[in-house]
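Spelled out, the chains give:
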Amino acid sequence: MTADAPRPRMDLLLSPWIAVAELGTSRTYHVGLREFFDRAHELVLTCSGPENASLIRLLSAIYDAAAGPTNTAEWDRAWEAETLDRDRISAYFDRWHDRFDVFHPEHPFLQCAALQQPSHGVGHLNLSRCGSVGGAFADSRLSRGVDQHPPMTPVQALLAMLVMLNFDTAGLKTPHPDDKAGKAGNRVGALGDVTHTHITTGGPFKETLLLSLPPAPRQDGDSPAWERPSPGPVHTVRPPTGRLDLLTWPSRRIRLFLDGDDAVSKVAFYPGDRVADKSPQARAALDPMTSWYTFLQGRKVIHQRLPVENQVGVAYPWIGTQLLAPRHRSPVVEHAVAACERGTLDPELHLTVALIRASHTDPKRSCLSHIADFHGPLGRAASLADTAERGRLVQLFDRANATVALMSQRIAAITGRPETSIQAALMMRDLSAEWEEVVLSGGRLWLPWGRTLVDEINTVARRLRLPPNQAERAEEVWQAARAIVSAEPSDAYEPSQGEAQWYDLHDLAEQGVPTQLSPPGTLPPPSRRGRPSQRYVAFGQQLTIRELADHPDAQVGYATIRRRILEGMPAEEAATTPGHPGRGRKRPKVQPAPRTAPDTPTTATGRTRRSGRPATRYEWRGQQLTVAELAALPECSVTVSALSTRLRKGMDIEAAVTNRRHSPNFPDSSDGPQLYEWQGQQLSLYRIAEQPECVVNYMTLHRRVERGMPIDQAATTPSSRGPKRT
């Protein structure tokens, strides 16, 4: 470009670059920032997914910096006004107009002016390069490589840059030559490790903007990226100065370069700033458009980003409703509920929550798996303003979620298959329409919703096609699931009572409650660091498995209790049912058992049977006996556990009871070992392996005999792996 040639410009205030449509129409066109904010009361965004989340965060930061409400009264006036505050927004744009130029030589918008030379092709801005091969990230423009990517228009490059600032992956990135510490690895983009959340109404963007931006005054020293000097090429590690800084965080150092055809074909792309305190708690305190699952670790509230999908990538329609529960934290949802309670919103206004969450293929988050884009009903404003109706919705969410967890975990335990395969097999049809009706009714249509879930449970039960011996046990799971979803929700629901059993985290400081409880009927989740232990109702208390094992009335140890609970046994029964003598740890009772009345049913070991579901009985020579009673027969040569396993797998009851247990790893067990002729003696394989004439160890000897080798040859033939260890 010569000295007299005009420099390239892309004025975001006037240039059309935001894809919109007028409310109630489908015609899409583009507008600049001035027109967009002037007509925000009659326009809607037409983009979706990562681009939608990135654009909403940018537009929210612009509005917050220009005319964002600082308190509730200002927010209510802004909501009731027909338009946004055009005068303040226009004055703000007049003041900072030169900072909204994408190709400004000193202050390029959201870029680093110090980067004077390109480092990559424009394909480096394509999010698909960060994803796994194929699937959602398949892009024909990358077929010849990232550096051979076709040029982008300035608008395409700008939107791709916004997405990369928020969703770029972590891992080692090539640093700028002046950035000596940049080789230490980079973090994900601003939204790579959080669940983005905003609220829509089906109306104009003005409503989405105000609902997704709780009122707050600007903190001292806080400013968006365009109000700051252009950053240098070297990355820094610093704390955010406030939410404006965080909403426009420079997670990458980028510069766009135009070619001779006014297209972007080259870019400079380097690691950007890193947040000093990367803990979820610090992020949740500043970023309003995030959602978190909270739990207690001692007396400390821990935040983890809200899950949207299960392990097989299914997002159930009731997922959004979990944000109404006090164990979850979402500033935008809390803000919307407060506006409903004040009566600012129309009682018939329907609120929808949008959740966008990136998932990665590896713990280091260096490769994207997919990006979930969930939209689900949050409720009518009138329902959200009513504590009882919110409580009903939370109960219905808890029951639906507990039902899915109950079925997948217990069926996996019964079949021995991985839980992910069971989740895929138990996948229900799309219930979005039915769930929306329930939510918009404030939970009053719980009965038809329960019937719908019962029908789906019956459908997946038929589809699973379990063997008869497993189907009998699975039927108990189906019955429990039907019972959970068919129960009527309580109008007197409180966050610390009912199905959810969660403590209100807002009152945690006063209560000092050190733990949380889980819905009944659910099983312990996979062990995760920092998670509180699952609790179960037993002995009139809520106890962990460890506390159950330490209880004076417990008859078995921790491992046995946990296995029994996973197999579906009630917690108290799992703890009090004695194990097989000589196996595991049998705890002595602190107090003697009460004398059993003559008409009280007892087990084969003499203990009083607790009330509840009766044990399964089997016909044995004209009698109906339980597994424990069968194991106590003189004819039985196996333990209760082994006998139960045999019967569950469909073995004939006569053979299951009388066949001697074969245990090759413990040849001298109480069942009696198989004996072999060895030098004039009858010895077990274990004893033969101990003889000095035997040149192989026990396992090799056993394997050879199982294959039919004579015992003399099996014991005296040296092993190819070397001499026997002594």
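Above this text is the structure in question.
Calculation criteria
Residues numbered from 1 in each chain as written. Predicted model: local features only at pLDDT ≥ 70, side-chain atom pairs only at ≥ 80, totals over all residues. Heavy atoms only, no water. Core = buried A, V, L, I, M, F, W, Y, C linked by side-chain atoms within 4.5 Å. Buried < 20%, exposed > 50% of the residue type's maximum accessible area, 1.4 Å probe, protein only. Contact = heavy atoms within 4.5 Å. Helix = DSSP H or I, 4+ residues; strand = E, 2+ residues; numbered from the N terminus. Expected span 1.5 Å × (residues − 1). Phe/Tyr/Trp six-rings, centres within 6.5 Å; stacked < 30°, edge-to-face > 60°. Lys NZ or Arg CZ within 6 Å of the ring centre and 35° of its normal. Pairing = 2+ DSSP bridges. Axes fitted to C-alpha atoms, helices over the stretch in contact; angles between N-to-C directions. Lys, Arg positive; Asp, Glu negative; His and termini not counted. Salt bridge = Lys/Arg side-chain N within 4 Å of Asp/Glu carboxyl O. Polar contact = N/O pair within 3.5 Å; in protein donor to acceptor, adjacent residues only side chain to side chain.

K.L.:
What is the right way to look at the nonpolar core in this model?
P.N.:
A general feature of soluble globular proteins is that nonpolar side chains tend to end up buried together. Trp-17, Leu-33, Phe-37 and Phe-100 are the most contacted members of the largest nonpolar core, which has 134 residues in total. If near-sequence neighbours (up to four positions away) are discounted, Trp-17 is found in contact with Met-10, Leu-12, His-30, Val-31, Gly-32, Leu-33, Leu-55, Leu-58, Val-155, Leu-158, Leu-159 and Leu-162.

K.L.:
Got a minute to help me understand helix 14 (residues 446-464) in this structure?
P.N.:
Helical geometry note: an α-helix holds 3.6 residues per turn, so side chains three or four residues apart project in the same direction. Helix length check: helix 14, at 19 residues, gives a terminal C-alpha distance of 27 Å against a target of 27 Å (1.5 Å per residue), a fit within 8%. Every buried residue of helix 14 is listed here: Trp-446, Trp-449, Gly-450, Thr-452, Leu-453, Val-454, Glu-456, Ile-457, Val-460 and Leu-464. Trailing helix 14 by a residue or two, Arg-465 shows a phi angle of about 55°, which is positive.

K.L.:
When you look at the packing of aromatic side chains in this model, what are you seeing that I'm missing?
P.N.:
The description of two aromatic rings rests on the distance between their centres and on the angle between their planes. Across all of its chains, the model carries 14 aromatic pairs by this definition. Taken together, a centroid distance of 5.7 Å and an interplanar angle of 25° make the contact between Phe-109 and Trp-226 stacked. Taken together, the positions of Phe-109 in the loop between helix 4 (86-95) and strand 4 (120-121) and Trp-226 in the loop between helix 6 (205-211) and strand 6 (237-238) put the pair 117 residues apart, joining distant regions of the chain. Among the residues examined, Trp-226 registers a relative accessible area of 3% and is labelled buried. Among the aromatic residues, those joined into a ring-pair cluster are Phe-36, Phe-37, Tyr-92, Phe-93, Trp-96, Phe-100, Phe-109, Phe-205 and Trp-226. Sitting over the ring of Phe-269, Arg-129 keeps its end group 5.4 Å from the ring centre.

K.L.:
Sorry, what's going on with the sheet that holds strand 2 (residues 28-31) here?
P.N.:
Strand pairing in a sheet is mediated by backbone hydrogen bonds. Such pairs are either parallel or antiparallel. Judged by pairing direction, the sheet is antiparallel, and its three strands sit side by side in the order 2-1-3 without closing on themselves. Across the chains shown, the open sheet's two edge strands, defined by having one partner strand only, are strand 2 and strand 3 (43-45). With direction set aside, neighbouring strand axes in the sheet form an average angle of 50°. Strand direction decides the pairing type here: strand 1 (residues 18-22) and strand 2, joined by four bridges, are antiparallel. Paired with Ile-18 across the bridge in strand 2 is Val-31. Sheet strands in contact with helix 2 (residues 49-67) are strand 1 and strand 3, and its direction is about 130° off that of strand 3.

K.L.:
I'm lost on the environment of Ala-19 in this one. Help?
P.N.:
Counting through the fold element by element, Ala-19 comes out in strand 1. Considering only alpha carbons, one finds Ala-19 and Leu-43, 24 residues apart in sequence, at a separation of 9.9 Å. Filtering out sequence-adjacent residues up to four positions away, Ala-19 remains in contact with Thr-28, Tyr-29, His-30, Val-44, Leu-45 and Thr-46.

K.L.:
Just checking my understanding: could you explain the side chain of Glu-207 for this structure?
P.N.:
Summarising the element assignment, Glu-207 is placed in helix 6. The side chain of Glu-207 sits in the buried core without any salt bridge; Lys-206 is the nearest counter-charge, 6.4 Å away. In terms of polar contacts, Glu-207 uses its side chain to reach the side chain of Thr-201, at 2.4 Å. Not counting residues within four places of it along the chain, the set of residues in contact with Glu-207 comprises Trp-79, Thr-201 and Leu-349.

K.L.:
Which parts of the structure should I look at to understand the pairing of strand 19 (residues 675-678)?
P.N.:
Here is the key point about a regular strand: its side chains alternate between the two faces of the sheet. Side chains Tyr-676 and Trp-678 project from strand 19 onto a buried face, and the interleaved Leu-675 and Glu-677 project onto a face without burial. Of the strand pairs in this sheet, strand 19 and strand 20 (residues 681-684) are connected by four bridges, and their pairing is antiparallel. Across the sheet, residue Trp-678 finds its bridge partner in strand 20, namely Gln-681. Hairpin connection of strand 19 to strand 20: two residues between the antiparallel strands, including Gln-679 at a positive phi of 50°.

Interpretation note: all reported values are geometric properties and have no functional meaning in isolation.
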